[in-house]
Amino acid sequence: MPSDPQTTSLNSPAFEFKSGVVTIPVLKLFSTDITAITQQLHEKIKQAPDFFTNSALLIDLQGVAKQEPNLALLVDAIRNAGMFPIGVRGATKEQQKIANELMLPGLSAYSSSKPQIVTKKETRLTSVAEQPEKTATTDIETTIITQPIRSGQRIYAKGDLIIIAQVSAGAEIMAEGNIHVYATLRGRVLAGVQGNENARIFCSDLQAELVSIAGNYRISEDITDPERNKPVQIYLNKQAIIIQTL
Amino acid sequence: MARIIVVTSGKGGVGKTTTSAAIAMGLAKKGFKTAVIDFDVGLRNLDLILGCERRVVYDFVNVINEEATLNQALIKDKRCNQLFILPASQTRDKDALTKEGVGRILEELSKTFKYIVCDSPAGIERGANLAMYYADDAFVVTNPEVASVRDSDRMLGILSSKSKRAENGEEPIKEYLLLSRYDPKRVKLGEMLSVEDVQDILSLHLLGVIPESKSVLNASNSGVPVILDETSDAGQSYLDIVDRYLGEDKPHRFVDEEKKGLFGRLFRSK
């Protein structure tokens, strides 16, 4: 595995690094009893041989981290059952060392045991990877509202906020992410309230009392006529609220 | 099961009680057994508008406190035997109303009545909240001016979030707009919001436009619901509203200025 893709950059590329998402079966261990595992594994495979035979498999050690499973025996058992273990996750340092000796890389687990050497390469790869990969893994909560937001109502969304109805004067809508209003926007609208300066506001008819992004705001009086009653997007440029008609 | 209608607005003086009396009488006249409840405890008015103020013995609060039965407190209208009035108490305040008590009374009324009209007090406090809490339908009475429209909008927000239906995640309250004290002449002069303006702000199903009319004040003073004055524009407008509520498709009237003929211009009677 070449560690530095940059060296090939002068010539025509012989390959490229891509980040991809593959679904593979994960073997989550609850026990370290190899005989029991072997027996149950064979039973499972019998139920769907086409699915399991020659399939890649990830070994998840999180459930048995404290029980010191015999990895070598386990890998043998899995190979004998006709599957290819391709890595472990949730391993302790010692377990990971053994796994590496068995040519099994550690893949990032969702908790505890810090990944080392092998996973460092992983992180470098992901930093090369495109943005979509990241957004696919981070939790973005989107709130969708289809009812009109009436005067006096307050809405707070942790992620993005999409409203497919009007927002009345005297209402207040806030989101830590972007805000979309696909109708008349008359109330106060605050995007990026936790300081996200990249947050934007979109609406199909701007009549807002106040627009704000990451604490920077413009009141209704400062919204000019060419921007008013128009479909617009609102974003931040060097601490200045920019309203752009769409 | 009865259908519970709340007549509400947020703002005061827009015509809630007039509307409650008219709608209740209209539904009763159609043959539906209808009860109308005055939730404006301490500022009792509905009995005056319906002309039964001299027959009040027990009231809403008495029934809530179980000092009287529902049958003792309900007043039967003299003009229409399908209409019953539950008057408010004049000597108490809104704190005398309890959620459980109101719920119990509405449930009991639901057994025998087809429609229950709740006349909400102004404001967004206890009285108004309890009036709308159990409602199935809401008649939002709005005057064509900005303050009233905004208060109605606020009330609509409360209807959609604090009612029993909202709390239980049931089908939301059906909301209808009643635009009252409408004067097409002043709309034309730009002194008043038009139907379109109000609709644009509230985006609500318009059930009817009630024109500003002298007949309303006359009716109130004489204790006859204006809907019984079938020659008046306001009375006809309420008749239309009841028909539309019951599912009839009727064109809206009184929205545009009446074109007066030569004689009308010569003899301006009204």
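How each quantity is defined
Residues numbered from 1 in each chain as written. Chains lettered and ligands numbered in written order. Predicted model: local features only at pLDDT ≥ 70, side-chain atom pairs only at ≥ 80, totals over all residues. Heavy atoms only, no water. Helix = DSSP H or I, 4+ residues; strand = E, 2+ residues; numbered from the N terminus. Buried < 20%, exposed > 50% of the residue type's maximum accessible area, 1.4 Å probe, protein only. Contact = heavy atoms within 4.5 Å. Areas by Shrake-Rupley, 256 points an atom, 1.4 Å probe, with all protein chains shown as cover. Pairing = 2+ DSSP bridges. Axes fitted to C-alpha atoms, helices over the stretch in contact; angles between N-to-C directions. Expected span 1.5 Å × (residues − 1). Parallel < 35°, antiparallel > 145°, perpendicular 65-115°, else oblique. Left-handed = near helix turned anticlockwise from the far one by under 90°.

## Topic: the overall build of chain A
- Scanning chain A from terminus to terminus reveals six helices and 15 strands.
- Across the 246 residues of chain A, 38% fall into the buried class.
- Considering only intrachain contacts with a sequence separation of at least 6, the fraction spanning at least 24 residues in chain A is 34%.
- About 14800 Å² of surface is accessible on chain A, with carbon and sulfur atoms providing 53% of the total.

## Remarks on the overall build of chain B
- Scanning chain B from terminus to terminus reveals 13 helices and eight strands.
- Taking the intrachain contacts of chain B between residues at least 6 apart in sequence as the baseline, contacts between residues at least 24 apart amount to 74%.
- Accessible area for chain B stands at about 12600 Å²; split by element, carbon and sulfur atoms hold 48% of it.

## Some points on the sheet that holds strand E3 (residues 84-89) of chain A
All names here are of chain A.
- Here we have four strands laid out as an open sheet, ordered E1-E2-E3-E4, and parallel in their pairing. The sheet is open, and its two borders are formed by strand E1 (26-28) and strand E4 (106-107), each paired with just one other strand.
- Pairing geometry for strand E2 (residues 56-60) and E3, over five bridges, is parallel. The residue of E3 that forms the bridge with Asp60 is Arg89.
- Strands E1, E2 and E3 of the sheet are contacted by helix H3 (residues 71-80), whose axis makes an angle of about 150° with E2.

## Details of the environment of Gly103 of chain B
- In this structure, Gly103 of chain B sits in helix H5 (residues 99-112).
- Taking the C-alpha atoms as reference points, Gly103 of chain B and Tyr134 of chain B, 31 residues apart in sequence, are found 7.2 Å from one another.

## Thoughts on helix H7 (residues 146-162) of chain B
All names here are of chain B.
- Its 17 residues give H7 an end-to-end C-alpha distance of 24 Å, which sits within 8% of 24 Å, the value for a rise of 1.5 Å per residue.
- For H7, the set of buried residues is Ser148, Val149, Ser152, Asp153, Met155, Leu156, Gly157, Ile158 and Leu159.
- Packed against the buried residues of H7 are strand E1 (3-8), helix H6 (126-133), strand E6 (137-142), strand E7 (174-182) and helix H10 (195-202).

## Structural notes on the side chain of Ser120 of chain B
- With respect to the helices and strands, Ser120 of chain B occurs in the loop between strand E5 (115-119) and H6.
- With near-sequence residues (within four places) excluded, Ser120 of chain B lies in contact with Val6, Val7, Thr8, Lys16, Phe39, Ala128 and Ala131 of chain B.

## A word on the packing of H6 of chain B against H7 of chain B
Residues and elements named next belong to chain B.
- The interhelical angle for the contact between H6 and H7, taken along N-to-C directions, is 55°, at an axis separation of 10 Å. Comparing the axis directions of H6 and H7 gives the class oblique. In the packing of H6 onto H7, the handedness of the crossing is right-handed. Contacts between H6 and H7 involve Asn129, Met132 and Tyr133 from the former and Met155, Ile158, Leu159 and Lys162 from the latter.

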